[in-house]
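Residues per chain are reported as follows:
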Amino acid sequence: METISRHASSAALLVGLLFSFFMMISYQVNRGDTVTAVKGTIQTVVSPAHRFISAVWIGISSGWSDYVGLIGRATEADALRERVEYLERSNTTFEETSRENARLKQLLNLQSRIEIPSIPAQITGRDMAHGYETFTVNRGSLDGVAMDSAVIAPTGAAIGRIIYVTPWTSIVQLITNPQSAVGAKVARTSARGVAHGAGDGPLKLDYVTSLADVEVGDIVVTSGDDLIYPPGLEIGRVTRVRQGPPVPGLPRTPQARTETALFLDIDVNPLADVLRVDRVLILAPPTARE
Amino acid sequence: MTALRSIVLLFGLGLLQIFLPQVWSGLGVVDWLLIYVVLQSLQGSFRRSILLSAGAGLIQDGLAGGIIGLHAFAKTAVAAVIAMFGSLLAVRGPLLEALITGVATALEGLIVIAWQVMLRRPVSLGPIDLLVRAVATGVATMVVLYIGRWWQQRGLIKRHGVRGDNA
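Residues numbered from 1 in each chain as written. Chains lettered and ligands numbered in written order. Predicted model: local features only at pLDDT ≥ 70, side-chain atom pairs only at ≥ 80, totals over all residues. Heavy atoms only, no water.

Participant: Explain the overall build of chain B residue by residue, including any values.
Facilitator: Looking only at helices and strands, one finds six helices and zero strands in chain B. Reading chain B from its N end, one meets helices and strands in the order α-α-α-α-α-α. Relative to its full complement of 167 residues, chain B shows a buried share of 51%. Considering only contacts in chain B between residues 6 or more positions apart, those separated by 24 or more positions represent 64%. (Helix = DSSP H or I, 4+ residues; strand = E, 2+ residues; numbered from the N terminus. Buried < 20%, exposed > 50% of the residue type's maximum accessible area, 1.4 Å probe, protein only. Contact = heavy atoms within 4.5 Å.)

Participant: With reference to specific residues and values, describe the overall build of chain A.
Facilitator: Looking only at helices and strands, chain A features five helices and twelve strands. Counting over 290 residues, chain A shows a buried share of 42%. Relative to all contacts within chain A whose residues are 6 or more apart in sequence, the contacts with residues 24 or more apart total 62%. With the model as given, the accessible surface of chain A reaches about 15400 Å², and the carbon-plus-sulfur share is 60%. (Areas by Shrake-Rupley, 256 points an atom, 1.4 Å probe, with all protein chains shown as cover.)

Participant: Would you mind going over the side chain of Glu108 of chain B in detail, with residue names and values included?
Facilitator: All names here are of chain B. If you trace the backbone, Glu108 turns up in helix 5 (residues 94–118). You can call Glu108 buried: its relative accessible area is 4%. If sequence neighbours within four positions are ignored, Glu108 has contacts with Asp31, Leu34, Gln60, His71, Ala74, Lys75 and Val78.

Participant: Could you give an account of the sheet that holds strand 4 (residues 158–165) of chain A, naming the residues involved and the relevant values?
Facilitator: Residue and element names in this part refer to chain A. Strands sit in the order 1-2-5-4-3-12 around a closed barrel of six strands; the barrel is antiparallel. Direction aside, neighbouring strands of the sheet carry axes that sit 45° apart on average. Across five bridges, strand 1 (residues 118–125) lies against strand 12 (residues 279–283) in antiparallel orientation. Bridge assignment links Ala121 to a residue of strand 12, and that residue is Val280. (Pairing = 2+ DSSP bridges. Axes fitted to C-alpha atoms, helices over the stretch in contact; angles between N-to-C directions.)

Participant: Residue-level account of the interface of chain B and chain A, with values.
Facilitator: Opposite the 41 residues of chain B that make contact, chain A presents 41 residues. The junction of chain B with chain A conceals about 3700 Å² of combined surface from both sides, 72% of it contributed by carbon and sulfur atoms. Interface area lost by chain B to chain A is led by Phe19, Gln22 and Ile68 of chain B, which between them contribute 17%. Where chain B meets chain A, there are zero salt bridges. Applying the counting rule to chain B against chain A returns one residue pair in polar contact (both at pLDDT 80 or more). Sorting elements by how many residues they give to the side of chain B that touches chain A places helix 3 (residues 46–64) of chain B first, with twelve residues. Partitioning the side of chain B that touches chain A into residue classes produces 24 nonpolar, 13 polar and four charged. (Buried area = accessible area lost by both parts, 1.4 Å probe. Salt bridge = Lys/Arg side-chain N within 4 Å of Asp/Glu carboxyl O. Polar contact = N/O pair within 3.5 Å; in protein donor to acceptor, adjacent residues only side chain to side chain. Nonpolar A, V, L, I, M, F, W, Y, C, P; charged D, E, K, R; others polar.)

Participant: Requested: an account of helix 5 of chain B, with residues and values cited.
Facilitator: An ideal rise of 1.5 Å per residue puts 36 Å on 25 residues; helix 5 of chain B measures up with 36 Å between its terminal C-alpha atoms. After helix 5 of chain B finishes, the residue Arg120 of chain B shows a positive phi value of roughly 55°. (Expected span 1.5 Å × (residues − 1).)

Participant: Which residues make up the pairing of strand 2 (residues 134–137) of chain A, and what values do they have?
Facilitator: All names here are of chain A. Side chains Thr134 and Thr136 of strand 2 all project onto a buried face; the interleaved residues Phe135 and Val137 project onto the opposite face, where all are buried too. The pairing of strand 1 with strand 2 spans two bridges and is classified as antiparallel. When the sheet's bridge partners are listed, Gly125 is paired in strand 2 with Thr136.

Participant: I'd love a proper account of the packing of aromatic side chains, names of residues and values included.
Facilitator: Under the counting rule described, the total for this entry stands at four aromatic pairs over all chains. Ring plane angle 90° and centroid distance 5.6 Å describe the contact between Tyr207 of chain A and Phe263 of chain A, whose orientation is recorded as edge-to-face. With a gap of 56 residues between them, Tyr207 of chain A in the loop between strand 8 (203–206) and strand 9 (219–222) and Phe263 of chain A in the loop between helix 4 (254–260) and strand 11 (264–270) connect regions that are remote in the sequence. Its relative accessible area of 53% is what places Tyr207 of chain A among the exposed residues. Under the relative-accessibility criterion, Phe263 of chain A is labelled partly exposed at 35%. One aromatic cluster in this structure is built from Phe22 of chain A together with Phe73 and Trp115 of chain B. (Phe/Tyr/Trp six-rings, centres within 6.5 Å; stacked < 30°, edge-to-face > 60°.)

Following this line, the structure appears as C-alpha cells:
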C-alpha cells in the first residue's frame, strides 16, 4: 500500500511539474515576454561567478597570446585593431551622415548628430542551441549598462539590445531573435519598415509599402523610430524583394496580388555575424542620450 | 546537504555549458547538464531524478535566455523515462551509460523541436545537429565516466596503500 502511494505521489509530482512548465511556456508565448522572475533570479545568482570565470579565461587567453606573439606586437596589434574598428564605425556613421545631410540640406533644416557614449564588452556566454536569440556580456549595471541600450558590433552594425541587466552581466536580445523588432529604413530611399528576426540568420523587413523603391543589394539601417536604436546604424543588406500578400478577400490571382499588395516582402541579410562576433559596444540607453 | 551540493553542481555545469562555446564552439554541442541528469536518473530515485532534471532545465533556460520552461519540460520528461528505464533494468558500464545519454540527448532535442513547431517558432536543431549533439554528449559521458573511475581507483589505492611493487 505504501509503495502504491509512493508511486502515485511521484507520478503526481511529474505531472505537476510538466503541467507547470507547460503553463509557464504558454504564459510567456502569449505575453511575448521572456524575461521572468525565474530568469532574473538565476542570472543574478550566477552572474558574479560568470564574470569571474570569463575574466580568468580572458586573462589566461590574453596572457598566452602575449607570450606567443611577443608582448609588444600583441599590444600594437590590439591598438591597430581597435583603430580599424573605430574607423570602420566612423566610416559607416559618416556615410549615413552624408546621406542624411543631403536630405536635410534640401529641407533647409540642418541638424547635428549627437555622439553617443559606449561601453566595450566581451561576450561571455551563449547557448549554441539558441545562438540567434541571445547572448551574455561581461558588463552590468555596475558598469553603467541599462535596459534597452542598443548593442552594436565593432564595425558599427546593429547587433541587438539589452533585455536584462544584473550588477555584473547583461543579456542581449539579438536582432535575429524572433521576438526582436527594430525600426528600420532603406538607406538609399528612406523607405521605412520594421526589421524582424526569424530565429535563424536572415531578417524580414516588414511594413514597407508596396509603392516603395527597394532593390536587392540596398543597405538597411536603423530609423530611430523605435527610440532604442539611434538612427543610421547598419542592419543588413536586402537579398530578396517580393510583393507581399494581397488585400484579404480578393481573388488570389498573380495580377490581383501585384495590384493590391499593401506591403513588400523583403529579406535582409544581417551585416553583423551574430554567431562569430566576440566583442561588442553597448551604447548609452535612450534616456541618457536625450 | 546533498540537495545544496546538487544545486551548486547544476549551477556550475550550467555555467560550463554557456561558457565553453566561447572557448571553442565545438564544445557547445555537449549537454553537460543532461549528462549529470541522466547519470543521476540511472542511479537515484524517481522523485529525486525529476526534481533534479527540472532544476537543471530551469537553470539552462535561465542562462540561455530563451523561453523559460522549454528545456525544463524536456529534461524532466527525459529524466522520467530514464529513471523508469533504470528501475526496470540494471544499467552498468560506461559504454551502455554513454549510449543511454546519447539517446536521451536526441530525445530531449526532439521534445524541444516539437515545442518549437507547436509554438510556430523557428526550429533551432536539424537532424544532423541532433545526431552530432547525441554522439558528442555520449562520448563526453564516456570520457567523464572513465576519468571518474580512474580517479576513484587512484583514491582507493592511495587510501589503502596498495601498490604494484609491494613497497
